[in-house]
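The chain contents come next:
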Amino acid sequence: MTSALTVKNAAKSFGNTAAVQNVSFSVESGSVTGLLGPNGAGKTTLIRMITGLVRPDSGSIFIYDSKVTGSSPEGRKKIGAVVENPEMYSYLSGWKNLLHFSRLHSGVDKKRIQEVTELVGLSGRIHEKAGTYSLGMRQRLGLAQALLHRPSLLILDEPTNGLDPAGIREIRTYLRKLAHEENLAVLVSSHLLSEMELLCDELLVIQQGSLTHTGSMSLFLEQEENSMYLETEPSPTLPSVLEHYMETDVIKKENGWVFTCRKEQVPDLLQHLVDHGVRVTEIRPSRSTTLEEKFLTVTEGGGLT
Amino acid sequence: MINLVKNEWMKLIHRRFTWIAVALVVLAAFGTSYISNAVTEPVAPEEALSALEQQAESNEMPPENRERAEELSFYHENTGTYPLLESTHAFTYVLEGAGSLAFITMFTVIAGAAVTASEHTTGTIKLLAASPVARWKILLSKLSAIAAYGLLLTIVFALSQLGAGILFHGFSIPSPEVIQWVDGMIRAVSLPVYLGITYGLAYVEMMIFTVIAFTLGTLFKSQAPAVAFSLVLLFMGPQLVFLASAYDWAFYVLFAHTSLLTLFQGQPMIDGTSWWQSAGILFLYVSILLGTTFAVFHKRDITD
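Residues numbered from 1 in each chain as written. Chains lettered and ligands numbered in written order. Predicted model: local features only at pLDDT ≥ 70, side-chain atom pairs only at ≥ 80, totals over all residues. Heavy atoms only, no water.

Provide a residue-level description of the UniProt feature "transmembrane region" (unreviewed entry) in chain B, including the pertinent values.
Per the UniProt record, "transmembrane region" (unreviewed entry) is found at residues 90–117, 146–171, 191–214, 226–255 and 275–297 of chain B. Across residues 146–171 of chain B one finds 92% helix and 0% strand; the C-alpha atoms that close the span lie 33 Å apart. (UniProt positions renumbered as here; feature names shortened; annotations may be inferred. Helix = DSSP H or I, 4+ residues; strand = E, 2+ residues; numbered from the N terminus.)

Shown next, in the form of structure tokens:
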């Protein structure tokens, strides 16, 4: 089966700064994929390349079978996107904004505009000027624009930004429904990390223009559940001993080290450390149980320094 | 494509500036006509004709002016009409009005500079560029909407001038034709055709400056410098050509050819300029400007 979105070795530089380097991944229909990364990591550049706003220097991007280059519109018919902020004409009403957008696509009639307006819960104020909308309402209008032409790939930059908790839940439920029941491919970038945990099936982590993690969200979280914190008396050999034994990243944190390790591995690990003359003072499940901390761990992770 | 132009038009008519410009155009048409009516003595069509006859018989007149007056008065007497351009009547202001279209050009220059630049400023360019519409269509629809806006302002201006003429002088048509002495010959053009030609030429001139503003606004992604630069060219361009008229290259400057009305009246900026030459040079400049704009916009990375 063809993926909804395939990115192959995409790279883009602005001047001497490499914004995105050699990124490859795919997004499948029927799932919500989260794109996670600190500011300036290249999330937006990546999304701009997918939506045809920016041309990749090299590599290729496909929406199903159609290639997206800067000016080939074919693939873009299937994309609904909000890039960075929901953009709208403040001097036009919400309705006219949607009408404007509908004319950029084929096959969107007034009935569909009405339908989407109700869907995002803007019916009451759709004929007011968009300039008077709150951030939350702008998000809803942005989502309405993205959904208007029934896209099969939905790309949203921080979709819950500015929404109240009820609104966030509503949008989250709706996005998951779109993916799981209507088989859309949804790609969401967000800084609300706890939100990603509840929303996404798959996770991409990007930092300094490169992908550092791709895989299912549940696997990502499972690793997190098996995270251990270890404190020892000072020992120069510890990092190498630990890293060699664990074969996973070991990260310095507070006065000790954090790494992935299942509970049943702990006795053997301790034996190993004792054998190498490391005097352990504490070992416990790591307290970084939220995705936020995991995110910081992953993105700051310079490993052992 | 029709849908895209509808979009641009919708955005245009929902901006306050658009209607302020229309109001100013109406106000200016009536205002200048009012002042003109107040400060100049009206000349009845019969008086204008007898003035021509006097000139024809006056010995103080230079021979070419006498010839002109003789031919014109002879033509009018034979056809039983009165000179339209020299007398005061309902069409007085609208006949002169085409020469004042530089005033309207200010508004189309502002709109033309803003039409792409403002989308970059507000970030809405992303909506357009991420849609399945090819980028050249986006630009073309914008240019079309601005051209339509210029046409609307021109028509409103002409109708207002005519309205003012009727208001101040009552409705009358002293002659169905506009009779002029051009290049040593009588030229008779029917009144509606004369209005069509003069306003049409003034409109083309207006569009050339609008295209300059559109180009600069698209290239700079910013309205203010595009407007400033275009207006400087609008008002300084002809001066520049005048100053440089001693040199051969002045002929190839755009502004030696933008003033199409003077060419129509037989007095081109540079003597001996033909219609074909002016049309060719204008076409060349406009092609270069629009070619550059479309090429740059086509290749542009949208990073606003």
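Lay out the interface of chain B and chain A with the relevant residues and their values.
In many reports, interface size means the accessible area that the parts give up when they come together. On the side of chain A, 29 residues touch chain B, which itself brings 29 residues to the contact. In this assembly, chain B packs against chain A so that about 2,700 Å² is buried in total across both faces, 57% of it on carbon and sulfur atoms. Its largest share of buried area at the contact with chain A, chain B owes to Lys 126, Leu 127 and Pro 132 of chain B, together 24% of the area lost on that side. One salt bridge connects Lys 126 of chain B with Glu 84 of chain A, and the closest N-O pair in it is separated by 3.9 Å. For the interface between chain B and chain A, the tally reads 17 residue pairs in polar contact (both at pLDDT 80 or more). For the side of chain B that touches chain A, the secondary structure elements donating two or more residues are α1 (2–13), α6 (102–122), α7 (125–129) and α12 (275–299) of chain B. Per-element accounting of the side of chain B that touches chain A gives the leading share, six residues, to α1 of chain B. In terms of residue class, the side of chain B that touches chain A is built from ten nonpolar, nine polar and ten charged. (Contact = heavy atoms within 4.5 Å. Buried area = accessible area lost by both parts, 1.4 Å probe. Salt bridge = Lys/Arg side-chain N within 4 Å of Asp/Glu carboxyl O. Polar contact = N/O pair within 3.5 Å; in protein donor to acceptor, adjacent residues only side chain to side chain. Nonpolar A, V, L, I, M, F, W, Y, C, P; charged D, E, K, R; others polar.)

An account of the packing of α6 of chain B against helix α8 (residues 135–169) of chain B is requested, with residue identities and associated values reported.
Residues and elements named next belong to chain B. Their axes nearest at 10 Å, the elements α6 and α8 cross at an angle of 160°. The angle between α6 and α8 places the two elements in the roughly antiparallel class. Classified by chirality, the crossing of α8 by α6 is right-handed. For the pair formed by α6 and α8, the contact residues are Ile 104, Phe 107, Thr 108, Ala 111, Gly 112, Val 115, Thr 116 and Glu 119 on the first element and Leu 139, Lys 142, Ile 146, Tyr 149, Gly 150, Leu 153, Thr 154 and Phe 157 on the second. Partitioned by chemical class, the residues of the contact of α6 with α8 number nine nonpolar, five polar and two charged. (Axes fitted to C-alpha atoms, helices over the stretch in contact; angles between N-to-C directions. Parallel < 35°, antiparallel > 145°, perpendicular 65-115°, else oblique. Left-handed = near helix turned anticlockwise from the far one by under 90°.)

How would you sum up the pattern of salt bridges? Please name residues and give values.
Residues and elements named next belong to chain A. Applying the stated rule across the entire model yields 14 salt bridges over all chains. Between Arg 112 and Glu 115 there is a salt bridge; the shortest N-O distance is 2.8 Å. Here the residue Arg 112 and the residue Glu 115 both occupy positions in helix α3 (residues 110–119), the gap between them amounting to three residues, near one helical turn. Here Arg 112 falls in the buried class, since its relative accessible area comes to 11%. Look at Glu 115 and you get partly exposed, because its relative accessible area is 36%. (Buried < 20%, exposed > 50% of the residue type's maximum accessible area, 1.4 Å probe, protein only.)

Can you explain the sheet that holds strand β8 (residues 185–189) of chain A? Please cite residues and give values.
Residues and elements named next belong to chain A. An order of β6-β7-β8-β3-β9-β10 is seen for the six strands of this open sheet, with the pairing classed as mixed. In the strand order of this sheet, the two ends are held by β6 (79–82) and β10 (210–216), each with one partner. Within this sheet the neighbouring strands show an average axis-to-axis angle of 15°, counted without direction. In terms of strand pairing, strand β9 (residues 202–207) meets β10 through six bridges, oriented antiparallel. (Pairing = 2+ DSSP bridges.)

I'd love a proper account of the sheet that holds strand β1 (residues 5–14) of chain A, names of residues and values included.
All names here are of chain A. A sheet is described by the order of its strands in space; here four strands give the open sequence β2-β1-β4-β5, paired in antiparallel fashion. The open sheet has two edge strands, β2 (17–27) and β5 (66–67), and neither has a second partner. When strand β4 (residues 58–63) meets β5, the two strands line up antiparallel, connected through two bridges. Following the sheet pairing, Phe 62 is matched in β5 by Lys 67.

Outline the pairing of β8 of chain A, listing residues and values.
Within a regular beta strand, the side chains point alternately toward one face of the sheet and then the other, so they alternate between its two faces. Residue and element names in this part refer to chain A. Taken across its five residues, β8 has five buried, putting it largely inside the fold. What you see with β8 is no split at all: Ala 185, Leu 187 and Ser 189 on one side and Val 186 and Val 188 on the other are buried throughout. Relative to β8, strand β3 (residues 32–36) runs parallel, the two sharing four bridges. Residue pairing for β8: Val 32 is matched across the bridge by Val 186. The pairing of strand β7 (residues 153–157) with β8 spans five bridges and is parallel. Following the sheet pairing, Leu 154 is matched in β8 by Val 186. Read from β7 through helix α5 (residues 165–180) to β8, the crossover connection turns out right-handed. (Right-handed = clockwise from strand over helix to strand, strands pointing away.)

Break down a nonpolar patch on the surface for me, citing the residues and quoting the values.
Together, Met 1, Trp 136 and Leu 140 of chain B make up a nonpolar patch on the protein surface, roughly 280 Å² of accessible area in all. Locating Trp 136 of chain B in the fold gives a position in helix α8. (Patch = residues over 30% accessible without salt bridge, like charges linked within 9 Å, V, L, I, M, F, W, Y side chains within 5 Å. Areas by Shrake-Rupley, 256 points an atom, 1.4 Å probe, with all protein chains shown as cover.)

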